[in-house]
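Remarks on the overall topology
Here is what each chain is made of, one letter per residue.
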Amino acid sequence: RRGIERQPGWVDKMKDRGGSDYRLDATFDIHSFTQLMIELILFNNQSRRIGGPVHKDYPLNPDREPTPLSVWNWGMEVFPGLGRHMDRRQVRINLLPRKTARAGRRGLVVHSCQLHYQSATGKAEGWFEANTGRKSKKIEVSYDPRDVSSVFLRRGSDGAVEECPLTPADRKHFEGKTLDEVYDYHDRRRNTRHRGQVQRLQDEAA
């Protein structure tokens, strides 16, 4: 938070009524903001002093309080057998937020912006078949808001994770985009349509 406060465009809850829109003052795009957050995390791990308790066997230095990184390195050296080696991809997927997807005719529908994803499991089990008289199937998926190119479906049969890519039609517009960029795209399209409707009404009334 301290690294964000007072940056151009930050949200000031004490903003005066009638003041300028703080969003128009923003100078960071998503990439530069991500870089700033990474630098703050590195600074925290390498330089912030831990004032609270640490492991009783940690060799405290009276002239220097421990940092998160020094405590981690000491623990890895003293207790090397306690850590578990886990698949990096599996850990990432397990940490991602989850959302309920709906099986529609064009694929798995995720988010209110109606992104569509392919699924080999869904295709094999007939989730996407129309006019079956069944209610559309709902499935929990994991997703990365930083990249909407894929979502991850955990199969109930064997617990394996299936990566579900965007359908070709949606991939054309949204491959590699963040979720915020997708919402922004739809907002701009709605605004464009609204302006077009207003203009047509004005032309008809003239």
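Residues numbered from 1 in each chain as written. Predicted model: local features only at pLDDT ≥ 70, side-chain atom pairs only at ≥ 80, totals over all residues. Heavy atoms only, no water.

Further remarks concern the confidence of the model for the protein chain. In this model, the protein chain carries a mean pLDDT of 82, and residues with pLDDT of at least 70 account for 79%. Across the protein chain, the secondary-structure element scoring lowest on mean pLDDT is helix α6 (residues 179-205), at 78, and the one scoring highest is strand β3 (residues 115-117), at 96. (pLDDT = per-residue confidence, 0-100. Helix = DSSP H or I, 4+ residues; strand = E, 2+ residues; numbered from the N terminus.)

Here we come to the nonpolar core. Counting 20 residues, the largest nonpolar core has Leu 108, Leu 115, Tyr 117, Trp 127, Val 148 and Val 151 as the members making the most contacts within it. Sorting the residues of this core by element identifies β1 (98-104), β2 (107-110), β3, β4 (138-143), β5 (150-154) and α6 as the ones contributing at least two each. With three residues, β4 is the single largest residue contributor to this core. Leaving out residues up to four positions away in the same chain, Val 148 has contacts with Leu 115, Tyr 117, Leu 166, Phe 174, Lys 177, Thr 178, Leu 179 and Val 182. (Core = buried A, V, L, I, M, F, W, Y, C linked by side-chain atoms within 4.5 Å. Buried < 20%, exposed > 50% of the residue type's maximum accessible area, 1.4 Å probe, protein only. Contact = heavy atoms within 4.5 Å.)

Our focus in this paragraph is helix α2 (residues 68-78). Burial in α2 covers these residues: Pro 68, Trp 74 and Gly 75. Across the axial projection of α2, the buried residues extend over an arc of 135°, all falling on one side. Contacts made by the buried residues of α2 are with α1 (30-47). (Arc of directions from axis to C-beta.)

Quick look at the packing of aromatic side chains now. Scanning the entire structure with this criterion turns up four aromatic pairs. Ring centres 5.3 Å apart and planes at 80° place the aromatic pair Tyr 58 and Trp 74 in the edge-to-face group. Of this pair, Tyr 58 sits in the loop between α1 and α2 while Trp 74 sits in helix α2, and the two are 16 residues apart along the sequence. Classification of Tyr 58 by relative accessible area gives buried; the value is 13%. For Trp 74, a relative accessible area of 15% gives the class buried. Ring geometry for Trp 74 versus Phe 79: centroids 5.7 Å apart, planes at 90°, classification edge-to-face. On the basis of relative accessible area, Phe 79 is assigned to the partly exposed category, the value being 29%. A connected cluster of aromatic rings, assembled from ring pairs, spans Tyr 58, Trp 74 and Phe 79. (Phe/Tyr/Trp six-rings, centres within 6.5 Å; stacked < 30°, edge-to-face > 60°.)

Here the focus is the pattern of salt bridges. Here the structure, examined in full by the defined rule, presents eight salt bridges. Residues Asp 144 and Arg 146 are paired through a salt bridge, measuring 2.9 Å at the closest nitrogen-oxygen approach. Judged by its relative accessible area of 6%, Asp 144 is buried. Because the salt bridges share partners, they merge into one network encompassing Arg 92, Asp 144 and Arg 146. (Salt bridge = Lys/Arg side-chain N within 4 Å of Asp/Glu carboxyl O.)

Take the pairing of β1 next. Remark: a regular strand shows side chains that alternate across the two faces of the sheet. Pairing of β1 with β4 involves five bridges; the strand directions are antiparallel. Across the sheet, the residue bridging to Thr 100 is Glu 140, located in β4. Where β1 lies against β2, three bridges are found, and the strand directions are antiparallel. The residue of β2 that forms the bridge with Gly 104 is Gly 107. Hairpin connection, β1 to β2: the antiparallel pair is bridged by two residues. (Pairing = 2+ DSSP bridges.)

Glycine aside, negative phi is the norm for most residues, and most peptide bonds take the trans geometry. If you check the backbone angles, His 111 has positive phi at about 75° while not being a glycine. Position of His 111 among the secondary structure elements: in the loop between β2 and β3. A positive phi is found at Gln 114, a non-glycine position, where the angle reads about 60°. Along the chain, Gln 114 turns up in the loop between β2 and β3.

Before going further, it helps to examine the sheet that holds strand β6 (residues 161-165). In spatial order, the strands read β3-β2-β1-β4-β5-β6; together these six strands make up an open sheet with antiparallel pairing. The open sheet has two edge strands with one neighbour each: β3 and β6. Between one strand and the next, the sheet's axes are offset by a mean angle of 40°, whatever the strand orientation. For β2 and β3, the ladder comprises three bridges, and the chain directions are antiparallel. Bridge pairing in β3 places Val 109 opposite His 116. Where helix α3 (residues 88-95) meets the sheet, its contacts fall on β4, β5 and β6, and the angle it forms with β5 comes to roughly 95°. (Axes fitted to C-alpha atoms, helices over the stretch in contact; angles between N-to-C directions.)

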